Amino acid sequence: MADFDRELDASGLNCPLPILRAKKTLADMESGQILHIIATDPGSVKDFEAFAKQTGNELLSSGEEGGKFSFMMKKS
Amino acid sequence: MTEKKLAIIATKGTLDWAYPPFILASTASALGYETEIFFTFYGLQLLKKDLNLQVSSLGNPGMPMPMPVPVILQALPGMQSMMTMMMKQKMKSKGVASVEELRELCVEAEVRLVACQMTVDLFEFDTKDFIDGIEYGGAATFFEFAGQSDICMYI
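A brief look at the structure comes next. Starting from 1, residues in each chain are numbered consecutively following that chain's sequence as written. Whichever chain is written first becomes A and whichever ligand is written first becomes 1, with later ones labelled in order. Given that this is a predicted model, residues contribute local features only at a pLDDT of at least 70 and side-chain atom pairs are listed and counted only at 80 or more, while totals for whole chains, interfaces and linings are drawn from all residues. Excluding hydrogens and water, the side-chain values take into account all heavy atoms of the structure.

## Re the overall build of chain A
And step 1. We count a stretch as a helix when DSSP gives it H or I for four or more residues in a row; a strand needs E for two or more, and each element gets its number in order from the N terminus. Counting its secondary structure elements, chain A contains 2 helices and 4 strands.
And step 2. Mapped from its N terminus to its C terminus, chain A presents α and β elements in the order β-α-β-α-β-β.
And step 3. What you see for chain A is a C-alpha radius of gyration of 11 Å, in line with the 11 Å of a compact globule of 76 residues.
And step 4. Each principal axis of the C-alpha distribution contributes one length, and for chain A these read about 30 × 25 × 20 Å.
And step 5. Taking contacts inside chain A between residues at least 6 apart in sequence as the whole, the part at least 24 apart equals 64%.
And step 6. Here chain A has roughly 4,000 Å² of accessible surface; of this, 47% comes from carbon and sulfur atoms.
And step 7. Positive and negative side-chain charges in chain A, numbering 9 and 12 respectively, have mean positions lying 6 Å apart. For this measure, only C-alpha atoms enter the radius of gyration; the expected value for a globule follows 2.2 Å times N^0.38, where N is the number of residues. Should any heavy atoms of two residues lie within 4.5 Å, those residues are considered in contact. Every accessible area reported is derived by Shrake-Rupley at a probe size of 1.4 Å, with residue values counting cover from the shown protein chains alone. None of His or the chain ends enter the tally, which takes Lys and Arg as positive and Asp and Glu as negative. A charged residue contributes its charge at one atom only: NZ of Lys, CZ of Arg, CG of Asp or CD of Glu.

## Some points on the pattern of salt bridges
And step 1. We count a salt bridge whenever a side-chain nitrogen from Lys or Arg sits within 4 Å of a carboxyl oxygen from Asp or Glu. Counting across every chain of the model gives 5 salt bridges over all chains.
And step 2. We note a salt bridge from Arg 21 of chain A to Glu 101 of chain B, for which the minimum N-O separation is 2.8 Å. Residue Arg 21 of chain A is found in helix α1 (residues 17-27), and its partner Glu 101 of chain B is found in helix α4 (residues 99-108); the two belong to separate chains.
And step 3. When the shortest N-O distance is used, the salt bridge between Arg 112 of chain B and Glu 135 of chain B registers 3.0 Å. One end of the pair, Arg 112 of chain B, is in strand β3 (residues 112-116); the other, Glu 135 of chain B, is in strand β4 (residues 135-137), and 23 residues separate them in sequence.

## Thoughts on the sheet that holds strand β1 (residues 6-10) of chain A
Residues and elements named next belong to chain A.
And step 1. Between any two strands, pairing holds if DSSP finds at least two bridges. Reading across the sheet, the 4 strands line up as β1-β2-β4-β3 and stay open at both edges, with mixed pairing between neighbours. This sheet does not close on itself; its edge strands, each paired only once, are β1 and β3 (58-65). Each adjacent strand pair in this sheet contributes to an overall mean axis angle of 15 degrees, direction not counted.
And step 2. Here strand β2 (residues 34-39) runs beside strand β4 (residues 68-74); their pairing, made up of 6 bridges, is antiparallel. Across the sheet, residue Ile 34 finds its bridge partner in β4, namely Lys 74.
And step 3. The angle between two axes is taken between their N-to-C directions and runs from 0 to 180 degrees, where each axis is a line fitted to C-alpha atoms and a helix contributes only its stretch in contact. Against the sheet, α1 contacts β1, β2 and β4, and its axis sits at roughly 160 degrees relative to β1.
And step 4. Where helix α2 (residues 44-55) meets the sheet, its contacts fall on β2, β3 and β4, and the angle it forms with β4 comes to roughly 10 degrees.

## Here's the deal with the environment of Met 91 of chain B
And step 1. Mapped onto the elements of the fold, Met 91 of chain B is located in helix α3 (residues 79-93).
And step 2. Here's how the labels work: a residue is buried when its accessible area is under 20% of the maximum for its type, exposed when over 50%, partly exposed in between, all with a 1.4 Å probe on protein chains only. Classification of Met 91 of chain B by relative accessible area gives buried; the value is 15%.

## Examining the nonpolar core
All names here are of chain B.
And step 1. Side-chain atoms within 4.5 Å are what join buried Ala, Val, Leu, Ile, Met, Phe, Trp, Tyr and Cys residues into a set we call a nonpolar core. Within the largest apolar cluster, 57 residues are counted, with the highest numbers of intra-cluster contacts made by Ile 37, Phe 39 and Leu 47.
And step 2. Residue contacts for Ile 37: discarding those within four places in its chain leaves Ile 8, Ala 10, Pro 21, Phe 22, Ala 25, Val 111, Arg 112, Leu 113 and Val 114.
And step 3. Formed by 8 residues, the second largest nonpolar core is a distinct cluster that contains Phe 38, Val 114, Phe 142 and Phe 145.

## What about the side chain of Ser 149 of chain B?
Residues and elements named next belong to chain B.
And step 1. In this structure, Ser 149 sits in the loop between α6 (139-146) and β5 (151-154).
And step 2. Judged by relative accessible area, which is 17%, Ser 149 ranks as buried.
And step 3. Whenever a nitrogen or oxygen atom comes within 3.5 Å of another N or O atom, the pair is scored as a polar contact, on the condition that within protein one atom can donate a hydrogen and the other can accept it, and that pairs from neighbouring residues in sequence are kept only if both atoms are in side chains. Polar contacts involving the side chain of Ser 149 include one to the main-chain carbonyl oxygen of Ile 151, which spans 3.4 Å.
And step 4. In contact with Ser 149, other than residues within four places in its own chain, are Lys 5 and Ala 7.

The values are spatial; any link to function lies outside them.
As structure tokens, then:
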């Protein structure tokens with residue numbers, strides 16, 4: 001398992017809340033720190049890719065474990 | 001990188017149609033867009049402090065219903081509040097944010113909220129009933145921002 005600095009559990013939340021919560025959490029983080037996001041919204045897979053592309057924050061990994069989606073995002 | 005701009009006109013005042021402007025505006029802000037929503041006609045209901053937004057299946061045959069209800073029965077008293085209650089419960093159970101929450105996120109993200117002055121006069125709205133921090137303006141005010149926007153939508 002990779003290390004991370006902060007964790008955000010967005011389980012049970014639907015679009016656009018996982019993205020908005022992630023954005024808010026990233027705002028309190030330092031550049032280069034890593035945020036681990038957990039979500040259950042299947043739409044979040046595409047949405048976090050799109051979020052990363054548009055904001056410059058790097059999506060290090062994206063995966064599914066036991067019905068939950070997990071993302072590692074590095075703050076730009 | 002210059003900030004992209006999104007301009008939205010919100011014209012509808014029902015619970016279901018309250019979602020697109022606030023979802024898109026809050027998300028656009030999270031993506032770094034400078035965003036403005038211009039509220040006109042029934043859209044002004046979305047700026048009330050106390051939101052009493054309703055949804056109706058009347059005239060909306062596309063609305064999924066748990067069971068088929070003949071249109072004549074959908075017009076009965078109390079049906080609209082029942083539909084609204086059911087819709088709100090459904091949204092809550094699916095983790096969909098409330099309109100209040102999404103609007104608050106827009107305010108926090110400094111989305112510029114502009115109320116159409118003409119509509120305020122037309123319907124004799126009391127501006128004290130609206131949330132704080134909104135601006136009032138007309139069509140020319142809208143174009144000042146919309147004219148420089150990258151995306152402009154009418155909802």
